[in-house]
Amino acid sequence: MKKALGILALSAALSAPAMAQNQSQGLRGPTLDAVRARGQLVCGVNTALPGFSAPDSQGNWRGLDVDMCRAVAAAIFNDPAKARFVPTTAPQRFVALQSGEIDVLTRNATQTYARDVSLGMHMAGVNFYDGQGFIVKKSANIASARQLDGATICVQPGTTTELNLADYFRANRMRFTPVVIERLEENLSAYQAGRCDAYTTDASGLASIRTNLATPSDHVILPERISKEPLGPMVRKGDDQWFAIVKWTLQGMIEAEELGVTQANVDEQVRSTNPSIQRLLGAQGGFGAMMGLDNRWLYNVIKHVGNYGESFDRNVGPRTALGLERGVNDLWTKGGLMYAIPLR
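Predicted, not measured: the structure shown is a model, and the values here were computed from it.

Cut-offs used in this document
- Residues numbered from 1 in each chain as written.
- Predicted model: local features only at pLDDT ≥ 70, side-chain atom pairs only at ≥ 80, totals over all residues.
- Heavy atoms only, no water.
- Phe/Tyr/Trp six-rings, centres within 6.5 Å; stacked < 30°, edge-to-face > 60°.
- Helix = DSSP H or I, 4+ residues; strand = E, 2+ residues; numbered from the N terminus.
- Buried < 20%, exposed > 50% of the residue type's maximum accessible area, 1.4 Å probe, protein only.
- Lys NZ or Arg CZ within 6 Å of the ring centre and 35° of its normal.
- Expected span 1.5 Å × (residues − 1).
- Arc of directions from axis to C-beta.
- Contact = heavy atoms within 4.5 Å.
- pLDDT = per-residue confidence, 0-100.
- 1 Å grid on protein atoms, 1.4 Å probe; cavity = no way out; pocket = protein on both sides within 12 Å on 5 of 7 lines; lining within 4 Å.
- Points joined across faces, edges and corners; volume = space filled by probe spheres on them.
- Nonpolar A, V, L, I, M, F, W, Y, C, P; charged D, E, K, R; others polar.
- Axes fitted to C-alpha atoms, helices over the stretch in contact; angles between N-to-C directions.
- Parallel < 35°, antiparallel > 145°, perpendicular 65-115°, else oblique.
- Left-handed = near helix turned anticlockwise from the far one by under 90°.

A.B. asks: Which residues make up the packing of aromatic side chains, and what values do they have?
C.D. replies: The relation between two aromatic rings is expressed through the spacing of the ring centres and the mutual angle of the planes. Using the criterion set out here, one finds 9 aromatic pairs in the structure. Arranged with centres 5.2 Å apart and planes meeting at 85°, the rings of Phe-52 and Phe-128 form a pair that is edge-to-face. In this pair, Phe-52 sits in the loop between strand 1 (41-46) and strand 2 (54-55) while Phe-128 sits in strand 7 (residues 128-130), placing the two residues 76 residues apart along the sequence. You'll find Phe-52 and Phe-128 in the same group, each marked buried. Relative to Phe-176, the ring of Phe-169 lies with its centre 4.7 Å away and its plane at 40°, an arrangement referred to as tilted. The class for Phe-169 is buried, based on a relative accessible area of 0%. Taken together, the ring pairs in this structure connect Phe-52, Phe-128, Tyr-308 and Phe-312 into an aromatic cluster. In this structure, Lys-137 packs its charged tip against the face of Tyr-191, placed 4.2 Å from the ring centre. Over the aromatic face of Phe-312 sits the side chain of Arg-326, whose NZ or CZ is 5.1 Å from the ring centroid.

Here's what the structure looks like:
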């Protein structure tokens, strides 16, 4: 009986308010303080990948990864405009994060064992499930990647793309000649000029790139996906508070879609009696305080940026230039892989 009472006492001590008080101290790290003191969140993004991160005609950054950065800024400042974007190339991106030049990397970066274990960074979740593919000129009459034996292929260095390319050709006993060029724009110029027979990167990147080619309909994305590419934000190791903020901002956006909370109805939903929605929007639980944020941090994220589905549809969905279906990036309740960790 005494043991049972002890367990009940421990459970009471670990109630949400008590955890909020204890954990806000245990999670405290330098990054949030530095971001607040600066008055600005600095995010590493792709140099120009429409749909994910690219400046529009007015110079305003747009895209799925840009929304991820703005969501974190909204969580911290209640102001998504307090996000600054630093374009990074594939080889530069991890150095920029490691050196502290950026606070978070939101740049269609693949999460892998080696990057998690040896580069000193945490993977803060997946905001896009992808796979590597190939784009070729329609005039080449190539219908499958298996027809690329002996081809010359343009690829960016310092990427999982380069490694996957070699693995695929080796596994299928095929030959290829790589044309390794760091800058995306130069890669595409080489591909369009005929220096290489194909260009390879993540399939979402190929869809984005094709919209920028002179005549998009002259190019075909081959059907094969030769790898798994779980893309998502990354932070430096050593600051659990910062890792939690970025991770749970993404999880909150997915949870909001699961619960049907949107930019349009979030003000109405704050009056919901649904306990899950009450926790999401800060009416109960004290979850923001556990990370040193306002308890309405996810309300601010949804109000300013929207839920995950809204961001997907706005940037890369069927009614955009990329025209991507949700597919594996749909909610788990609809046959996809997007599944929010419980917020409780």
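Back to the write-up after that little detour.
A.B. asks: Got a sec to walk through helix 7 (residues 160-171)? Specific residues and values, please.
C.D. replies: The terminal C-alpha atoms of helix 7, which comprises 12 residues, lie 16 Å apart, in line with the 16 Å expected from a rise of 1.5 Å per residue. Turning to helix 7, its buried residues are Thr-160, Thr-161, Asn-164, Leu-165, Tyr-168 and Phe-169. Looking straight down helix 7, one finds its buried side chains confined to an arc of 155°; they lie on one side. Counted as exposed and oriented over 90 degrees from the buried face of helix 7: Leu-163 and Arg-170. On its buried face, helix 7 is in contact with helix 6 (113-118), strand 8 (132-137), strand 9 (151-155), strand 10 (176-180), strand 11 (198-202) and strand 13 (229-231).

A.B. asks: Help me get a handle on the confidence of the model for the protein, residues and values and all.
C.D. replies: When the pLDDT values of the protein are averaged, the result is 91; 92% of them are 70 or greater. The low-confidence segment residues 1-24, where pLDDT is below 50, has 12 contacts with residues more than four positions distant or belonging to other chains.

A.B. asks: Can you break down empty space enclosed by the protein residue by residue, with the values?
C.D. replies: To find the voids left in a structure, one rolls a probe of water-molecule size over its atoms. Summed over the entire model, instances satisfying the criterion amount to 3 cavities of 30 Å³ or more. Taken together, 24 residues make up the lining of the largest cavity; nearest its centre are Arg-107, Asn-108, Gln-156, Thr-201 and Asp-202. Among the secondary structure elements, those contributing two or more residues to the lining of the largest cavity are helix 5 (90-99), helix 7, strand 11, helix 9 (203-210) and strand 13. For the lining of the largest cavity, the leading source of residues is strand 11, giving 4 residues. Looking at the lining of the largest cavity residue by residue, the classes come out as 8 nonpolar, 11 polar and 5 charged.

A.B. asks: Which residues make up the packing of helix 10 (residues 240-259) against helix 14 (residues 297-304), and what values go with them?
C.D. replies: Following both chains from N to C, one finds helix 10 and helix 14 inclined at 65°, their axes separated by 10 Å at the closest point. With respect to each other, helix 10 and helix 14 are oriented roughly perpendicular. Considering only the axes of helix 10 and helix 14, their crossing is right-handed. Contact residues: helix 10 offers Trp-248, Thr-249, Gly-252, Met-253 and Ala-256, while helix 14 offers Trp-297, Leu-298, Val-301 and Ile-302. Residues that form the contact of helix 10 with helix 14 fall into these classes: 7 nonpolar, 2 polar and no charged.

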